[in-house]
Amino acid sequence: MAEQNSPFTPHTSNFYPDLLAEIKERVRAAQYEALKAVNTELVGLYWDIGRMIVERQADAKHGSAIADQLSKDLRAEFPGIGGFSRRNIFYMREFYLLYRDDERVQPLVAQIGWTHNLAILQRCKDPLKREFYLRMTRKFGWSKNVLIHQIENQSYEKSLLGQTNFDQALTPELRAQAKLAVKDEYTFDFLELGEEHSERELERALIGRIEGFLRAMGGMFAFMGSQYRLNVDGEEYLIDLLLFHRRLRCLVAIDLKIGKFKPEYVGKMQFYLTALDKQVRQEDENPAIGIILCKEKNRTVVEYALHDARKPIGVATYEITRTLPQSLEGELPSPEDIAQLLEDL
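In the annotation of an unreviewed UniProt entry, the entry for the protein chain reads Cytoplasmic protein, and the organism field reads Desulfonatronospira thiodismutans ASO3-1.

Following this line, the structure appears as structure tokens:
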């Protein structure tokens, strides 16, 4: 009877929805912190196992036999704990050997999951490439599948080759992060498009596979709209795609071009960005960024076109297949420049 006479019901109370939302958010935060703590402990355990094997193993000849025996004994001793397979024990040893002398990277490995570490260990042989994916995974919270997707689509190479004017158009606080958020080439291998297609067909295909599109863009973008309308003094202008970058906290306008880059595209994008900053940008957001996405580009023409542009713009190409042009493989920045860019993160 007391329950029937109670004046409180969740559906009619003014404060209950906010209370429930706040408690849910607190529970999620606690879950995330618990997962981080568990992961840190697990990676620390595997690091120590790898260290003890290396310190006590007289030579590498007996590595296989040691891993076999350790796997059997540990699984027998701890039947309810996974992770002690022969292969995983090999990886623990390799994990320790790989990072034991790298003080720059050691603090990073405990901040991402063990399966993330394995994906990087197995797929990346270059130390700076490993550091790039460690830092990006930690910073952007990539899942294991997103991380593997980024590695397979050569995000490291395509980010370092990016053509932007961010050095002169963005503040130092945003510069490094923005450079790594805008790639030189995007791979849309999830699209079912032929080589011949219109800009509108490309736009519709991207919207139709929006999850794949946002993942290909880097995983920190939110979709704001297509054919986004801007009204400037009574005239209407349409932005092909408008995104929001959650980490940079800025609007990102994308202009789709199915042909070769032309210098006049920069002027048009500067106009869009000015209108977005004046009409759409919130007070707590950073200035909008533009990406001109073309099928082809001449790198020298792009460099000249961006030279005096005031608004932050990147010019990228897109492909339907996963290939990095052979001509660009030797054009990555120096190891010192790459290390500085990663440090700036």
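The rest of the description comes next.
Student: Teacher, can you tell me more about the side chain of Asp 240 here?
Tutor: Examined against the element boundaries, Asp 240 turns out to sit in strand 4 (residues 235–245). Buried charge without a partner: Asp 240 forms no salt bridge, and the closest opposite charge is Lys 257, 5.7 Å away. Within the structure, Asp 240 has its side chain in polar contact with the backbone nitrogen of Leu 256 (distance 2.8 Å). For Asp 240, the residues in contact, after removing those within four places along its chain, are Glu 203, Gly 225, Ser 226, Gln 227, Ile 254, Asp 255 and Leu 256.

Student: Help me understand the pairing of strand 6 (residues 286–294), please; the structure alone is not making it clear to me.
Tutor: Two faces make up the sheet, and in a regular strand the side chains alternate between them. Across the nine residues of strand 6, seven count as buried, placing the element largely inside the fold. Of the strand pairs in this sheet, strand 5 (residues 250–256) and strand 6 are connected by six bridges, and their pairing is parallel. Bridge assignment links Cys 250 to a residue of strand 6, and that residue is Asn 286. Between strand 5 and its parallel partner strand 6, the chain crosses via helix 14 (residues 264–279), and the hand of that crossover is right-handed. Summarising the sheet, strand 6 and strand 7 (residues 313–319) pair through five bridges and their orientation is parallel. In the strand pairing of strand 7, Cys 294 is matched with Thr 317.

Student: Teacher, can you tell me more about the pattern of salt bridges here?
Tutor: Pairing between side chains of opposite charge can happen when the charged atoms of each approach one another. All chains considered together, the criterion is met by 20 salt bridges. A salt bridge links Glu 185 to Lys 158, with the nearest nitrogen and oxygen atoms 3.4 Å apart. Of this pair, Glu 185 sits in strand 2 (residues 185–187) while Lys 158 sits in helix 9 (residues 155–160), and the two are 27 residues apart along the sequence. Judged by relative accessible area, which is 5%, Glu 185 ranks as buried. What makes Lys 158 buried here is its relative accessible area of 1%. A salt bridge links Asp 277 to Arg 281; the nearest nitrogen and oxygen atoms lie 3.4 Å apart. Residues participating in the shared-partner salt-bridge network are Asp 48, Arg 51 and Glu 55.

Student: I keep staring at the environment of Phe 244 and nothing clicks. Help me out?
Tutor: Here Phe 244 is to be found in strand 4. Classification of Phe 244 by relative accessible area gives buried; the value is 11%. Distance from Phe 244 to Ala 288, taken between C-alpha atoms, is 8.9 Å for residues 44 residues apart in sequence. Sequence-distant contacts of Phe 244, that is, excluding residues within four places in its chain, are made with Met 220, Phe 221, Ala 222, Met 224, Arg 249, Cys 250, Leu 251 and Glu 285.

Student: What is the right way to read the pairing of strand 3 (residues 221–232) from this model?
Tutor: Relative to strand 4, strand 3 runs antiparallel, the two being bridged by ten bridges. In the sheet register, Gly 225 faces strand 4, and the bridge partner there is Leu 242. Linking strand 3 back to strand 4 in an antiparallel pair, the connection comprises two residues, with Asp 233 at a positive phi of about 55°.

Student: When you look at helix 12 (residues 199–208) in this model, what are you seeing that I'm missing?
Tutor: Given 3.6 residues per turn, any residue in an α-helix points the same way as the ones three and four places further on. All buried positions along helix 12 are accounted for by Leu 202, Glu 203, Ala 205 and Leu 206. The arc enclosing the buried residues of helix 12, seen along the axis, measures out at 165°, which places them on a common side. For helix 12, the exposed residues set more than 90 degrees away from the buried face come down to Arg 204 and Gly 208. In the core, the buried residues of helix 12 are packed alongside helix 13 (210–217), strand 3, strand 4, strand 5 and strand 7.

Student: How should the packing of helix 6 (residues 114–123) against helix 8 (residues 144–152) be read in this particular structure?
Tutor: When two helices pack together, their arrangement is captured by the angle between the axes and the distance separating the axes. One can describe the packing of helix 6 onto helix 8 by two numbers: an axis separation of 9 Å at closest approach and a directional angle of 15°. Looking at the two axes, helix 6 sits roughly parallel to helix 8. In the crossing of helix 6 with helix 8, the sense of the turn from one axis to the other is right-handed. Of the residues in helix 8, those in contact with Thr 115, His 116, Ala 119, Ile 120 and Arg 123 of helix 6 are Lys 144, Leu 147, Ile 148 and Ile 151. Partitioned by chemical class, the residues of the contact of helix 6 with helix 8 number five nonpolar, two polar and two charged.

What counts and what doesn't
Residues numbered from 1 in each chain as written. Predicted model: local features only at pLDDT ≥ 70, side-chain atom pairs only at ≥ 80, totals over all residues. Heavy atoms only, no water. Helix = DSSP H or I, 4+ residues; strand = E, 2+ residues; numbered from the N terminus. Buried < 20%, exposed > 50% of the residue type's maximum accessible area, 1.4 Å probe, protein only. Lys, Arg positive; Asp, Glu negative; His and termini not counted. Salt bridge = Lys/Arg side-chain N within 4 Å of Asp/Glu carboxyl O. Polar contact = N/O pair within 3.5 Å; in protein donor to acceptor, adjacent residues only side chain to side chain. Contact = heavy atoms within 4.5 Å. Pairing = 2+ DSSP bridges. Right-handed = clockwise from strand over helix to strand, strands pointing away. Arc of directions from axis to C-beta. Axes fitted to C-alpha atoms, helices over the stretch in contact; angles between N-to-C directions. Parallel < 35°, antiparallel > 145°, perpendicular 65-115°, else oblique. Left-handed = near helix turned anticlockwise from the far one by under 90°. Nonpolar A, V, L, I, M, F, W, Y, C, P; charged D, E, K, R; others polar.

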